[in-house]
Amino acid sequence: MKRLLLAAALATVAVSAAGTVEARDNHRHDRHDRYDQKAERDYWKDRQKAERRARKDYEKAERDYRKAVREDEKAYRRWARGQYIPVEYRQPRYYVHDYRSYGWDAPPAGYTYVRPYPQDDTYYMIELASGLVARILGD
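For clarity, every value in this text was computed on a predicted model and none was experimentally measured.

What's the story with the overall build of the protein chain in this structure? I'm lost.
Looking only at helices and strands, one finds 1 helix and 3 strands in the protein chain. When the helices and strands of the protein chain are listed from N to C terminus, the series reads α-β-β-β. Looking at the protein chain as a whole, 17% of its 139 residues qualify as buried. Within the protein chain, counting contacts between residues at least 6 apart in sequence, those at least 24 apart form 37% of the total.

What follows is the structure in structure tokens.
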């Protein structure tokens, strides 16, 4: 009988010890799972952050490109008779003072000849007050 009681006691201790080890392992496993979940959350956060940064960089590059295209279009423009030349081209540095060398008559009072682009041989006779294009020369 003593052997039976001793065996039962040892079996109880063995089962409880195994349960303790298992509980301890489960506790570690739970921590490991939580760590994995945190690591996964951090991974996705970092990935979303990188995607937002990449999208921002792309949008900035797109804006810069569009701005450069607009400036190029603005930088070289032709006007038709009846349109208005912008104020920046109605400055003395764009005036053509030697119009006689081109064989042109003197412009009427209140008008002048301008050449907005030095690389282009298009000249405009404009009204000084408004910038209205009265005539196009050398086209």
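Whenever I open this one, the pairing of strand β3 (residues 133-137) confuses me. Can you help?
Sheet faces and side chains relate simply in a regular strand, where the side chains alternate between the two faces. Pairing geometry for strand β2 (residues 123-127) and β3, over 4 bridges, is antiparallel. Within β3, the residue paired with Tyr123 across the bridge is Leu137. Linking two consecutive strands that pair antiparallel, namely β2 and β3, is a turn of 5 residues; a positive phi of about 85° is found at Gly131 within it.

Mind showing me how you'd approach the sheet that holds β3 here?
Consider a sheet: its strands pair through backbone hydrogen bonds, and that pairing is either parallel or antiparallel. Spatially, 3 strands are ordered β1-β2-β3 in an open sheet, and the strand pairing comes out antiparallel. Lying at the two open borders of the sheet, with one neighbouring strand each, are β1 (111-114) and β3. Recorded for the sheet is a direction-independent mean angle of 20° between the axes of neighbouring strands. In the sheet, β1 pairs with β2 via 4 bridges, with the strands oriented antiparallel. Residue pairing in the sheet places Tyr111 in a bridge with Glu127 of β2.

Just to check I follow, could you spell out the packing of aromatic side chains for this structure?
For any pair of aromatic rings, the description consists of the separation of the ring centres together with the inter-plane angle of the planes. This structure, assessed with the given rule, holds 11 aromatic pairs. Relative to Trp44, the ring of Tyr43 has its centre 5.1 Å away and its plane inclined at 75°; by these criteria the two rings are edge-to-face. Chaining the aromatic ring pairs together yields one cluster made of Trp79, Tyr89, Tyr94, Tyr117 and Tyr124.

Would you mind going over the pattern of salt bridges with me for this structure?
Two side chains bearing opposite charge may form a pair once their charged atoms approach each other closely. Tallying each qualifying case throughout the model produces 6 salt bridges. A salt bridge links Arg66 to Glu62; the nearest nitrogen and oxygen atoms lie 3.3 Å apart. You can see Arg66 and its partner Glu62 sitting in helix α1 (residues 2-75), 4 residues apart, about one turn around the helix.

In this structure, what is going on with the nonpolar core? I would like to understand it.
Within soluble globular proteins, side chains that are nonpolar generally end up buried alongside one another. Counting 9 residues, the largest nonpolar core consists of Trp79, Ile85, Tyr89, Tyr94, Val114, Tyr117, Tyr124, Ile126 and Val133. Apart from the residues lying within four places of it in its own chain, the contact partners of Tyr94 are Glu88, Tyr89, Tyr113, Val114, Arg115 and Pro116. Core analysis: the second largest hydrophobic core is formed by 7 residues, Val96, Tyr99, Trp104 and Tyr123 among them.

What should I look at first to understand the environment of Gly131 in this one?
Along the chain, Gly131 falls in the loop between β2 and β3. According to the relative accessible area criterion, Gly131 is buried, its value standing at 0%. Separated by 49 residues in the primary sequence, Gly131 and Gly82 place their C-alpha atoms 9.5 Å from one another. Non-local contacts of Gly131, meaning those with residues more than four positions away in its chain, are made with Gln83, Tyr84, Ile85, Arg90 and Ile126.

Whenever I open this one, a positive patch on the surface confuses me. Can you help?
Taken together, the side chains of Lys49, Arg52, Arg53, Arg55 and Lys56 make up a positively charged region of the molecular surface. Counting through the fold element by element, Arg55 comes out in helix α1.

Criteria and cut-off values
Residues numbered from 1 in each chain as written. Predicted model: local features only at pLDDT ≥ 70, side-chain atom pairs only at ≥ 80, totals over all residues. Heavy atoms only, no water. Helix = DSSP H or I, 4+ residues; strand = E, 2+ residues; numbered from the N terminus. Buried < 20%, exposed > 50% of the residue type's maximum accessible area, 1.4 Å probe, protein only. Contact = heavy atoms within 4.5 Å. Pairing = 2+ DSSP bridges. Axes fitted to C-alpha atoms, helices over the stretch in contact; angles between N-to-C directions. Phe/Tyr/Trp six-rings, centres within 6.5 Å; stacked < 30°, edge-to-face > 60°. Salt bridge = Lys/Arg side-chain N within 4 Å of Asp/Glu carboxyl O. Core = buried A, V, L, I, M, F, W, Y, C linked by side-chain atoms within 4.5 Å. Patch = residues over 30% accessible without salt bridge, like charges linked within 9 Å, V, L, I, M, F, W, Y side chains within 5 Å. Areas by Shrake-Rupley, 256 points an atom, 1.4 Å probe, with all protein chains shown as cover. Lys, Arg positive; Asp, Glu negative; His and termini not counted. Charge placed at Lys NZ, Arg CZ, Asp CG, Glu CD.

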